[in-house]
Amino acid sequence: MPSSTTTQPTAQIGVTGLAVMGSNLARNFARHGHTVAVHNRTYAKTKALVDEHGHEGTFVPAESAEEFVAALQKPRRIVVMVKAGEPTDAVIDEFTPLLDEGDVIIDGGNAHFHDTLRREKALRDKGIHFVGTGISGGEEGALNGPAIMPGGSAESYKSLGPLLESIAAKAPDGTPCCTHIGPDAAGHFVKMVHNGIEYADMQLIAEAYDLLRTVAGFGPARIAEVFRGWNSGRLNSYLIEITAEVLAHTDAASGRPFVDVVADEAEQKGTGRWTVQTALDLGVPVSGIAEAVFARSLSGHRELRDAARTLPGPAAAPLDAEEAEAFAARVEEALYASKLVSYAQGWNMIAAASAEYGWDIDLGAVAAIWRGGCIIRAAFLDRIRAAFAADPSLPTLLADEGFADEVGRAQDAWRDVVATAVRRGVPTPGFSAALAYYDALRAERLPAALTQGQRDFFGAHTYRRTDREGSFHTLWGGDRSEQDVS
Ligand code: NBP
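Everything numeric here is computed off the predicted structure, so don't read it as measured data.

**Comments concerning the overall build of the chain**
Part 1 of the argument: Along its length, the chain carries 20 helices and 9 strands.
Part 2 of the argument: Expected size for 486 residues packed as a compact globule is a radius of gyration near 23 Å; at 26 Å, the chain falls within 12% of this value.
Part 3 of the argument: Judged by the C-alpha coordinates and their principal axes, the chain covers about 80 × 70 × 45 Å.
Part 4 of the argument: Taken across its 486 residues, the chain has 49% of its residues classed as buried.
Part 5 of the argument: Of all intrachain contacts in the chain linking residues separated by at least 6 positions in sequence, the fraction that spans at least 24 positions is 66%.
Part 6 of the argument: With an accessible surface of roughly 22200 Å², the chain has 53% of that area assigned to carbon and sulfur atoms.
Part 7 of the argument: In the chain, the 45 positive side-chain charges and the 64 negative ones have mean positions that sit 1 Å from each other.

Structure, rendered in structure tokens:
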């Protein structure tokens, strides 16, 4: 279809910010039959999009913000896909004076949810709906179907939801991977935790690879085969699938396994760090995500690693072929159990924020929309959806009967893998932290009782008792008698 240059309000949706994500989203809308107004600060990108992809649907290219707004049907729906941070505020400031009450601004960038809270409130006061929207799936997802996590008002979702659902990925049962997550910043919050879980998942996969390489003695191609096998089982997921692809890849220039020519310093854009910072504020233990963020950070500290390279480690004989096969099977169990812990922690964090901010997030619906389109998409998420459908107030995924049974059956192998890693000096912070979390949750008594005693000793912080109600303080400097200070 030809591109239109009319300024009549013909467009159902507009996209401003036409770098890789914005232009792919605009094309996705157009391919689904929506007329899309397109705008970019620098017009060259708008022109390039329409020149190259104008035949895919109906685009209305706009050179100015005024022209862009004039092209949109009311209520106007504007997707902002610019660099997160100040550019988002600049775009909001530019468009707000041109909009009317009831119009909708959708921020599809990776905004910090505190920014979204601030922006939503400021625009709500002007009668404009601000919909902070998490979008996952990278550039390929934006074009062919991402997972979409819109926040904002329920009213805005009435006019926006059908448009977003039409371009979202579809789960294996055909459900769109898009739902109204909750008010104001709920969508961006959930997207942040998605990324945190993604960090944890990637770290655990990396540890599994390291163990198969260093302990089992498998080469990258052999490990790719192991991951392919795992991908046809309960670990089936996009991340496991691409892990096999990466490991099987040979570097064309050197002929060596690709993984051996890549510098071993992982980078990060910040959403994992935000997840951990926010978890600390909410008081939710997300040790799996935290270890993943710290592992990436440690990998980048070349100076520390160089300084410590000569520290002694254990000597260990290689496993024979039969032992290596058996060990690989145990690594699958450890990976599955550790992954379950990370997901349980992520969901705890969403539940805590939902209570804190009054978002009333449907925890099962979050799992349902992550079944497709996003980076952590996996068969496993349908089980999480089902667990929350069976019990919406499930305190932890580990308490779901099916998951509890599986993790219980995996625990011997999990312990063996962590113990083997420790004995052989292979760093497995993700596996170890997950196992420690599991053991801490199931412990009858935690040493936190001693911690409370110490706190009362040096700071008169008081403690509660197991046998009586109230708050108590012991006179440590005096006769050590106990006072009820409640
Ligand atoms: P970038 O994050 O690279 O941003 C480039 C866009 O921002 C261009 O359109 C640029 O316009 C515009 N922009 C900037 Br920079 N400053 C501006 C300003 N002051 N006023 C108006 N426009 C401005 O693009 P991206 O990689 O497509 O990502 C877009 C958003 O989507 C980001 O928030 C990102 O975090 C998020 N996201 C990205 C992915 C991914 O996989 N890449 C996935 C999910 C979400 P110009 O052309 O005139 O310079």
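After that view of the structure, there is still more to cover.
**Some details on empty space enclosed by the protein**
Part 1 of the argument: Applying the stated criterion across every chain yields a total of 3 cavities of 30 Å³ or more.
Part 2 of the argument: Approximately 40 Å³ is the volume attributed to the largest cavity.
Part 3 of the argument: L25, F29, V79, I106, T133, I135, I148, L164 and I167 are the residues that line the largest cavity.

**So, the nonpolar core**
Note on soluble globular proteins: their nonpolar side chains tend to be buried together.
Part 1 of the argument: Counting 91 residues, the largest nonpolar core has F227, W230, W347, W370, I384, L397 and W414 as the members making the most contacts within it.
Part 2 of the argument: Broken down by element, the residue count for this core peaks at 16 residues, all from helix α15 (residues 321-357).
Part 3 of the argument: Apart from residues lying up to four places away in sequence, F227 is in contact with I205, A208, Y209, L212, I240, T243, A244 and L247.

**With respect to the site of the ligand**
Part 1 of the argument: In the vicinity of the ligand there are 20 residues, among which M21, N40, R41, T42 and K45 approach most closely.
Part 2 of the argument: Between the ligand and the protein, one listed contact pairs an oxygen atom with a side-chain N or O atom of R41 at 2.9 Å.
Part 3 of the argument: At 2.4 Å, a side-chain N or O of T42 approaches an oxygen atom of the ligand.
Part 4 of the argument: Protein chains bury 75% of the 920 Å² of accessible surface belonging to the ligand in isolation.
Part 5 of the argument: For the shell around the ligand, the secondary structure elements donating two or more residues are α1 (20-31) and α4 (86-95).
Part 6 of the argument: A total of 3 residues in the shell around the ligand trace back to one element, the largest contributor, which is α4.
Part 7 of the argument: In terms of residue class, the shell around the ligand is made up of 11 nonpolar, 6 polar and 3 charged.

**Observations concerning the confidence of the model for the chain**
Part 1 of the argument: Scored by pLDDT, the chain comes out at a mean of 96, with 98% of its residues at no less than 70.
Part 2 of the argument: Ignoring residues within four places in sequence, the model shows residues 1-6, a span with pLDDT below 50, making 14 contacts including any to other chains.

**A few points about the pairing of strand β1 (residues 13-16)**
Part 1 of the argument: Residues of β1 alternate between two faces, with I13 and V15 on one and G14 and T16 on the opposite face, all of them buried.
Part 2 of the argument: Where β1 and strand β2 (residues 36-39) come together, 4 bridges link them in parallel fashion. Residue pairing for β2: V15 is matched across the bridge by V38.
Part 3 of the argument: The parallel pair β1 and β2, bridged by α1, forms a crossover whose chirality is right-handed.
Part 4 of the argument: Relative to strand β4 (residues 77-80), β1 runs parallel, the two being bridged by 3 bridges. Within β4, the position partnered with T16 by the bridge is V80.

**A word on the pattern of salt bridges**
Part 1 of the argument: On inspection of all chains with the given rule, the structure shows 34 salt bridges.
Part 2 of the argument: A salt bridge links R234 to E333; the shortest N-O distance between them is 3.7 Å. In this pair, R234 is assigned in the loop between α9 (220-231) and α10 (238-248) and E333 in helix α15, connecting sequence segments 99 residues apart.
Part 3 of the argument: Judged by relative accessible area, R234 falls into the partly exposed class, the value being 27%.
Part 4 of the argument: Owing to a relative accessible area of 24%, E333 belongs among the partly exposed residues under this scheme.
Part 5 of the argument: For the salt bridge of D467 with R465, the shortest nitrogen-to-oxygen distance reads 2.8 Å.
Part 6 of the argument: Judged by relative accessible area, R465 falls into the partly exposed class, the value being 30%.
Part 7 of the argument: Shared partners join several salt bridges into a network, and the residues in it are D89, D107, D115, R118 and R119.

**With respect to the packing of aromatic side chains**
Part 1 of the argument: Under the criterion given, the structure shown has 16 aromatic pairs.
Part 2 of the argument: Note on F113 and W359: the rings are 6.2 Å apart at their centroids and 80° apart in plane angle, and the pair reads as edge-to-face. In this pair, F113 sits in helix α5 (residues 113-124) while W359 sits in the loop between α15 and α16 (363-369), placing the two residues 246 residues apart along the sequence. Here the two residues F113 and W359 agree in accessibility, since each one is buried.
Part 3 of the argument: Three or more aromatic residues link up through ring pairs in this structure, and these residues are Y336, Y343, W347, W370, F380, F388 and F403.
Part 4 of the argument: Over the ring of F218 we find R222; its NZ or CZ atom is 4.4 Å from the centre of that ring.
Part 5 of the argument: Of note, R234 hangs over the ring of Y336, and the distance from its end group to the ring centre comes to 4.1 Å.

Criteria and thresholds
- For every chain, the first residue of the written sequence is number 1, and numbering continues from 1 along that sequence.
- Local features in this predicted model are restricted to residues whose pLDDT is 70 or higher, and side-chain atom pairs enter the listing and the counts only when it is 80 or higher, whereas totals over whole chains, interfaces and linings include all residues.
- Only hydrogens and water are set aside when side-chain values are computed; all heavy atoms of the structure are taken into account.
- Numbering goes from the N terminus for both helices and strands, where a helix is a DSSP run of H or I of at least four residues and a strand is a run of E of at least two.
- Restricting the calculation to C-alpha atoms gives the radius of gyration, and the globule rule supplies 2.2 Å times the number of residues raised to the power 0.38.
- Note on classification: 1.4 Å probe, protein chains only; a residue is buried when its accessible area is under 20% of the maximum for its type, exposed when over 50%, partly exposed between these limits.
- Between two residues, a contact is recorded if the distance between any of their heavy atoms is within 4.5 Å.
- Exposure was quantified through the Shrake-Rupley algorithm and a 1.4 Å probe, taking into account, for residues, occlusion by the shown protein chains and nothing else.
- When charges are counted, neither His nor the chain ends are considered; positive counts come from Lys and Arg and negative counts from Asp and Glu.
- Charged side chains are reduced to one point each, which is NZ for Lys, CZ for Arg, CG for Asp and CD for Glu.
- A cavity here means a set of points on a 1 Å grid, drawn over the protein atoms and nothing else, where a 1.4 Å probe fits but cannot get out; a pocket is an open set with protein on both sides within 12 Å along at least five of seven lines, and a residue lines either one if it has an atom within 4 Å of a point.
- Grid points are joined across faces, edges and corners, and a volume is the space filled by probe spheres set on the points.
- Only buried residues count toward a nonpolar core, which is a set of Ala, Val, Leu, Ile, Met, Phe, Trp, Tyr and Cys residues joined through side-chain atoms within 4.5 Å.
- What makes a residue near a molecule or strand is one non-hydrogen atom of that residue sitting within 4 Å of it.
- N or O atoms within 3.5 Å of each other form a polar contact, as long as, within protein, one can give a hydrogen and the other can take it, and as long as residues adjacent in sequence are counted only when both atoms are side-chain atoms.
- Each residue is assigned to one of three groups, with Ala, Val, Leu, Ile, Met, Phe, Trp, Tyr, Cys and Pro labelled nonpolar, Asp, Glu, Lys and Arg labelled charged, and all others, Gly among them, labelled polar.
- A score between 0 and 100, pLDDT records how confident the predictor is in each residue.
- DSSP bridges decide pairing: two strands pair if at least two such bridges lie between them.
- The path from the first strand over the helix to the second decides the hand: if it runs clockwise while the strands point away from the viewer, the crossover is right-handed.
- By definition, a salt bridge exists where a carboxyl oxygen of Asp or Glu is found within 4 Å of a side-chain nitrogen of Lys or Arg.
- Classification of ring pairs rests on two measures: the distance between centres of Phe, Tyr or Trp rings, Trp counted by its six-membered ring, which must be within 6.5 Å, and the angle between planes, read as stacked under 30 degrees, edge-to-face over 60 and tilted in between.
- The criterion for a charge sitting over a ring is simple: Lys NZ or Arg CZ within 6 Å of the ring centre, and within 35 degrees of the ring normal.

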